[in-house]
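Report on the structure
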Amino acid sequence: MKKTLYLKFLLAYLIFGFFGFLIISTFSSKMITDNTVRDKAEALYREAMLISSSYAEELYNNKITIDTAKTELDALDTYMSATIWLINPSGRILLDTSRPIDLETEKFVQGFNPTITAGEYYTTGTFFGSFDEEMISVLAPITSDFTVKGYVVIHYPMRQITDTANRYLNIFYITLLILFLLSMIILIFFTEIVYLPIRRITKATEEYASGNYRYPLNVESSDEIGYLAATLGYMADTLSRGEDDQRKLVANISHDFRSPLTSIKGYLEAMKDGTIPPEMYDKYLTIVIHETERLTKLTNSLLTLNNLNTEGMMLEKTDFDINLIIKNTVASFEGTCREKGIVIELVLTGETLFVNADIIKIQQVLYNLLDNAIKFSHHNSMIHIESNLKHNKVFVSVKDNGIGIPKENIKQIWDRFYKTDLSRGKDKKGTGLGLSITREIIRAHGENINVVSTEGVGTEFTFSLPPVDNDDD
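Just so you know, these numbers come straight off a predicted model, no measurement behind them.

Our next topic: the overall build of the protein. Along the protein, the regular secondary structure elements total 9 helices and 12 strands. Expressed as a percentage of its 473 residues, the buried residues of the protein come to 36%. Counting contacts in the protein only where the partners sit at least 6 residues apart, residues at least 24 apart contribute 66% of the total. Here the protein has roughly 27,900 Å² of accessible surface; of this, 56% comes from carbon and sulfur atoms.

Put into structure tokens, the structure is as follows:
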């Protein structure tokens, strides 16, 4: 078996891990970095606005000295790890927390333009070439008498923001790794619970397809896969038994045909070569005729059973009195019963009991059941036949006090050509097809036939038929 399914699942697992890493390293990385920059810019801008409305405004209004402002802003510089500037609109830096105060040396930001933020409250870059590394810079105007006197500019290294974003990303990577490892549990479960059982089922199916119905299929599971395996195992067992039954059927047919043919051939050859004298011809010709009748009965039974097994078999259903059919069938066995001293007791419901069925086939059912009952009953015994109407069904039972059927053979009596060891001595002329034919006829009517038997006590067969409402007649 090619490991296509497993490789596909494994490939999907690896693709999941790859795309998870790709998404975090690209989209998530950018989103985290941008979000960190915005959050930091907002925090810096709030600080810049506070400085603008306090220390910077007081400095420009000469309420505090530049040294005082420098001291306060240096403290904020240390707290925020940022560089704070006070800058004139012309670009001259009045105060820089990263340098000592030097009033004699003027320092300008070349090309300073307060609109660099382009409508935002922050910008990124080297701030007009003032730094050697990329910075995030926020500008807050210093106003007095509705005039912009200067700007508070706070610079924060982008390197530190990137480090913060990377720490968040590392958390994402660790989380992805944990999810990837946890999802491996799913892969393991898939392997143990789905893939390996499917492999065993596929292997078993290949063996069954090649005719090896004995191949063991062991899948211990209570889910759909276990049910599938159990169904396949049951199918293989059924096919195996069917194959055995087919071989048994051929063997039985061969045996049942060979015995009478051997007798016929032997008697005819003996008559031909003079072993049997002419005055004995009548006796042995009668035996030959009986054997040919036995072959005819066997052939007809096989044809009947074959027709009954044909799907879509047509039944000629009519309404008839089952009690009358029972009486007529019993009458046909009067001579046989007299010979064995058997009494047939009839317990019939009502004067008439109408059913809807194929009268010819039901007659055959009653004939087969009564024939079996007489055949396996002891001399001077009784057979009980009863008809009942219960639960909108007509039940007919045939009960004898004969040899009975061993418990282990009950399920096999319906098999074609089957004869129990107890019956072989009594059933010299039987074909072993009567009960098979009986069951097929009842099943063709959509009804059931059951048997209850105790070895050495007797057997009772009961079958059901659909009743006819007498009010509608």
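Following the structure, the description resumes.
Glancing now at the sheet that holds strand β2 (residues 93-96). The 5 strands are arranged β2-β1-β5-β4-β3 in an open sheet whose pairing can be described as antiparallel. Only two strands of the sheet have a single partner each, and these edge strands are β2 and β3 (122-125). Between one strand axis and the next, the sheet turns by 25 degrees as a mean value, whatever way the strands run. Two elements, strand β4 (residues 135-144) and strand β5 (residues 147-157), share 10 bridges in a ladder whose sense is antiparallel. Opposite Ile136, over in β5, you have Tyr156 as the bridge partner.

Glancing now at empty space enclosed by the protein. Here the idea is plain: a probe the size of a water molecule rolls over the atoms and shows the empty space left. One pass over the structure, following the stated rule, counts 2 cavities of 30 Å³ or more. Considering only enclosed or pocket space, the second largest cavity measures out at about 40 Å³ in volume. Looking at the lining of the second largest cavity, the element that brings in the most residues is helix α6 (residues 322-332), giving 3 residues. Residues that form the lining of the second largest cavity fall into these classes: 6 nonpolar, 1 polar and no charged.

Moving on, we come to helix α1 (residues 4-60). With 57 residues, α1 should reach 84 Å at 1.5 Å per residue; the first-to-last C-alpha distance of 78 Å fits that figure. By the largest-angle criterion, Ser52 marks the main kink of α1, which is about 45 degrees. Residue Asn62 follows α1 closely and has a positive phi angle near 60 degrees.

Between α1 and helix α3 (residues 158-209), the shortest axis-to-axis distance is 9 Å and the interhelical angle comes to 160 degrees. It follows that α1 is roughly antiparallel to α3 by the angle criterion. With respect to the hand of their crossing, α1 and α3 are arranged in right-handed fashion. Grouping the amino acids of the contact of α1 with α3 by side-chain chemistry returns 26 nonpolar, 10 polar and 1 charged.

Another point: the sheet that holds strand β12 (residues 458-465). Pairing within the open sheet is mixed, and its 5 strands lie in the order β7-β9-β10-β12-β11. In the strand order of this sheet, the two ends are held by β7 (343-347) and β11 (449-454), each with one partner. With strand direction ignored, the average angle separating the axes of adjacent strands in the sheet is 15 degrees. Relative to β12, β11 runs antiparallel, the two being bridged by 6 bridges. Residue Asn450 lies in a different strand from β12, and its bridge partner there is Thr462.

On to the nonpolar core. Core analysis: the largest hydrophobic core is formed by 39 residues, its most contacted members being Ile322, Ile362, Ile383 and Phe463. If you list the elements that add at least two residues to this core, you get α6, β8 (354-358), α8 (359-375), β9 (382-390), β10 (393-399), α9 (434-444), β11 and β12. Counting residues per element, this core draws most heavily on α8, which supplies 7 residues. Not counting residues within four places of it along the chain, the set of residues in contact with Ile362 comprises Phe320, Ile322, Ala357, Ile441, Ile442, His445 and Leu465. With 26 residues, the next largest nonpolar core counts Ala56, Leu76, Ile84 and Leu86 among its residues.

Here the phi dihedral of Ser81 falls at roughly 55 degrees; this positive angle occurs in a residue that is not glycine. For Ser81, the position within the fold is in the loop between α2 (66-80) and β1 (83-87).

The rules we used
- Residues numbered from 1 in each chain as written.
- Predicted model: local features only at pLDDT ≥ 70, side-chain atom pairs only at ≥ 80, totals over all residues.
- Heavy atoms only, no water.
- Helix = DSSP H or I, 4+ residues; strand = E, 2+ residues; numbered from the N terminus.
- Buried < 20%, exposed > 50% of the residue type's maximum accessible area, 1.4 Å probe, protein only.
- Contact = heavy atoms within 4.5 Å.
- Areas by Shrake-Rupley, 256 points an atom, 1.4 Å probe, with all protein chains shown as cover.
- Pairing = 2+ DSSP bridges.
- Axes fitted to C-alpha atoms, helices over the stretch in contact; angles between N-to-C directions.
- 1 Å grid on protein atoms, 1.4 Å probe; cavity = no way out; pocket = protein on both sides within 12 Å on 5 of 7 lines; lining within 4 Å.
- Points joined across faces, edges and corners; volume = space filled by probe spheres on them.
- Nonpolar A, V, L, I, M, F, W, Y, C, P; charged D, E, K, R; others polar.
- Expected span 1.5 Å × (residues − 1).
- Bend = angle between axes of the 7 residues up to and from the residue.
- Parallel < 35°, antiparallel > 145°, perpendicular 65-115°, else oblique.
- Left-handed = near helix turned anticlockwise from the far one by under 90°.
- Core = buried A, V, L, I, M, F, W, Y, C linked by side-chain atoms within 4.5 Å.

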